[in-house]
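The residues making up each chain are set out below.
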Amino acid sequence: MDMRVAPTEVVGTTAMPPAGARSYSWTSGIAAVVIVLGLAAVGWWWWRAPVITVVQVTRGPAAEIVYATGAIEPETWSRSTPLVRGRIVERCRCEGKIVRKGDVLARLDDKEALATLNDLRALEDFQHREFDRQTQLLARGATTSQAYQRAESDLARVRAQIAAQVQRLDYYKLVAPMDGLVLKEDGEVGDMVDPGTILYRIGLEKPLWVVAEVNEEDIPRVQTGQKALLRTDAFANRVLPGFVKQITPAGDPVAKTFRVRIGLPDDTPLHVGMSVEANIVSREKQNVLLVPANAVINNSLFVVEGGRTRRRKVAIGIRGTGFVEIVDGITENETVASPATANIKDKARVRPQLVEDVTP
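Everything numeric in this text was worked out from a predicted model, so none of it was measured.

## Describing the overall build of the chain
Next up, step 1: The helix and strand tally for the chain stands at three helices and 21 strands.
Next up, step 2: Per-residue burial for the chain yields a buried fraction of 32% across its 360 residues.
Next up, step 3: Expressed as a percentage of contacts within the chain between residues at least 6 apart in sequence, the contacts between residues at least 24 apart total 76%.
Next up, step 4: Carbon together with sulfur atoms contributes 53% to the accessible area of the chain, which is approximately 22,500 Å² in total.

## Topic: the packing of helix α2 (residues 111–140) against helix α3 (residues 145–170)
Next up, step 1: Where α2 contacts α3, the axes come no closer than 8 Å and their chain directions differ by 160 degrees. What the angle tells us is that α2 and α3 run roughly antiparallel. Read as a crossing pair, α2 and α3 show a hand that is left-handed.
Next up, step 2: Among the residues making up the contact of α2 with α3, the classes are represented as 15 nonpolar, eight polar and six charged.

## Some details on the pattern of salt bridges
Next up, step 1: This structure, assessed with the given rule, holds 20 salt bridges.
Next up, step 2: Among the ionic pairs, Arg59 bridges to Glu332, the shortest N-O distance being 3.2 Å. With a gap of 273 residues between them, Arg59 in strand β2 (residues 58–74) and Glu332 in the loop between β19 (323–328) and β20 (335–337) connect regions that are remote in the sequence.
Next up, step 3: When its relative accessible area of 39% is taken as the criterion, Arg59 is described as partly exposed.
Next up, step 4: Residues Asp179 and Arg100 are paired through a salt bridge, measuring 3.9 Å at the closest nitrogen-oxygen approach. In this pair, Asp179 is assigned in the loop between β7 (173–175) and β8 (180–185) and Arg100 in the loop between β5 (98–99) and β6 (104–108), connecting sequence segments 79 residues apart.

## A look at the nonpolar core
Next up, step 1: By size, the foremost hydrophobic cluster in this structure holds 25 residues, and its most contacted members are Val99, Leu105, Tyr200 and Ile202.
Next up, step 2: At the level of secondary structure, the elements contributing two or more residues to this core comprise β6, α2, α3 and β10 (200–203).
Next up, step 3: For this core, the leading source of residues is α3, giving five residues.
Next up, step 4: In this view, Ile202 contacts Trp77, Ser78, Ser80, Val99, Leu105, Ala176, Pro177, Met178, Gly180, Leu181, Val182 and Leu183; residues no more than four positions away in its chain are not counted.
Next up, step 5: Residues Ala68, Val214, Leu240 and Val244 belong to the second largest nonpolar core, which totals 22 residues.

## Concerning α2
Next up, step 1: Given a rise of 1.5 Å per residue, 30 residues ought to cover 44 Å, and the 44 Å separating the end C-alpha atoms of α2 matches this to within 8%.
Next up, step 2: If you check which residues of α2 are buried, you get Ala113, Leu117, Leu120, Gln127, Phe131, Gln134 and Leu137.
Next up, step 3: Contacts made by the buried residues of α2 are with α3.
Next up, step 4: Note on α2: the residue one or two positions beyond its end, Gly141, has a positive phi of about 75 degrees.

Parameters and conventions
Residues take numbers from 1 onward in each chain, read along the sequence in its written order. Per-residue local features are limited, in this predicted model, to residues with pLDDT of at least 70; the limit for side-chain atom pairs, both in listing and counting, is 80 or more; totals at the level of whole chains, interfaces and linings are taken over all residues. To get the side-chain values, take all heavy atoms of the structure and skip hydrogens and water. Runs of E in the DSSP output that reach at least two residues are strands. Runs of H or I that reach at least four are helices, and both are numbered from the N terminus. Only protein chains enter the accessibility calculation, which uses a 1.4 Å probe; a residue whose area is less than 20% of its type maximum is buried, one above 50% is exposed, and one in between is partly exposed. We call two residues contacting when some pair of their heavy atoms lies within 4.5 Å. Using the Shrake-Rupley algorithm and a 1.4 Å probe, accessible areas are obtained, with residue cover drawn only from the displayed protein chains. Angles here are taken between N-to-C directions and fall from 0 to 180 degrees, while the axes themselves are lines fitted to C-alpha atoms, restricted in helices to the stretch in contact. Roughly parallel means an angle under 35 degrees; roughly antiparallel, over 145; roughly perpendicular, 65 to 115; everything else is oblique. Should the near helix be turned counterclockwise from the far one by less than a right angle, the crossing is left-handed, whereas a clockwise turn marks it as right-handed. Under the scheme applied, nonpolar residues are Ala, Val, Leu, Ile, Met, Phe, Trp, Tyr, Cys and Pro; charged residues are Asp, Glu, Lys and Arg; polar residues are all the others, including Gly. Between Lys or Arg on one side and Asp or Glu on the other, a salt bridge is scored when a side-chain nitrogen of the former is within 4 Å of a carboxyl oxygen of the latter. Definition of nonpolar core: a set of buried residues of the types Ala, Val, Leu, Ile, Met, Phe, Trp, Tyr and Cys, connected through side-chain atoms within 4.5 Å. Here the expected span of a helix is defined as 1.5 Å times the quantity of residues minus one.

Structure (structure tokens):
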């Protein structure tokens, strides 16, 4: 009988890997942990740094401006005011219409003045008769020369009073002092008005100018012929042109301002009486290095390189309201902190966020 031995089956055992393979797997695990920890450390380092906004140094035009405020007026115009106190009894209602020099614009109640004139004329008749009587008496030697002279003086005095009263009656009429357009008419029939009250403004429609006030510390930088950029609420989205036409030689010592008149083109859309803000361009340059004005602190910039700030002294040129010219100390396309706040320190770690739509 043939007896064979079956091979023995091994259950529940695992083959051992080679020694080199086991060593490689252990090293990879350690490396992976190190990488993860390193990335975590870098992330922690990064996210711990404060976020600041930065801009790139650009090129563009720079302008130094002088700010002023004022109102639109005709270059040629006048005000009509009464010379006496009285009640308005008539007005022309001619606002917006053309008038000629000497046209009557309004009348005040002159009844009392007329009554005074009539009294003086009655007195004149009496004095005239007395003078004639004294003349005849003197010719007959029946009076003295002193009585004759007194009658002559009284007549002359009352005639002078009549002339003055006739002139005074003209004060109760307001007449146009010039040819022009009635820009504004104030007062109604029945109103009591005092001397100096402006009832009519008459002027030429063109040309117009801005009568503005400039602070005395800025006036040395203002010269005739300089360009001016005008803004007004009536044309909020437009910048309107003008130019410095006149500078008042004497300033106001109380308000500490000088009056500057800014000429306007004939096709200006501005109207008389509008208030405007004026930026007078006192100096201008083209294609210069520019940074936002809020990036400059104590004539220095915070340049951002490799996630760290570097405080750098720079030479400043024109200082505008929005941008500042950098003459020296920076190059185009370098990145600077904007705004340069007080909490930014030199050589500090930061997380810069670039603002790209900054345009002069």
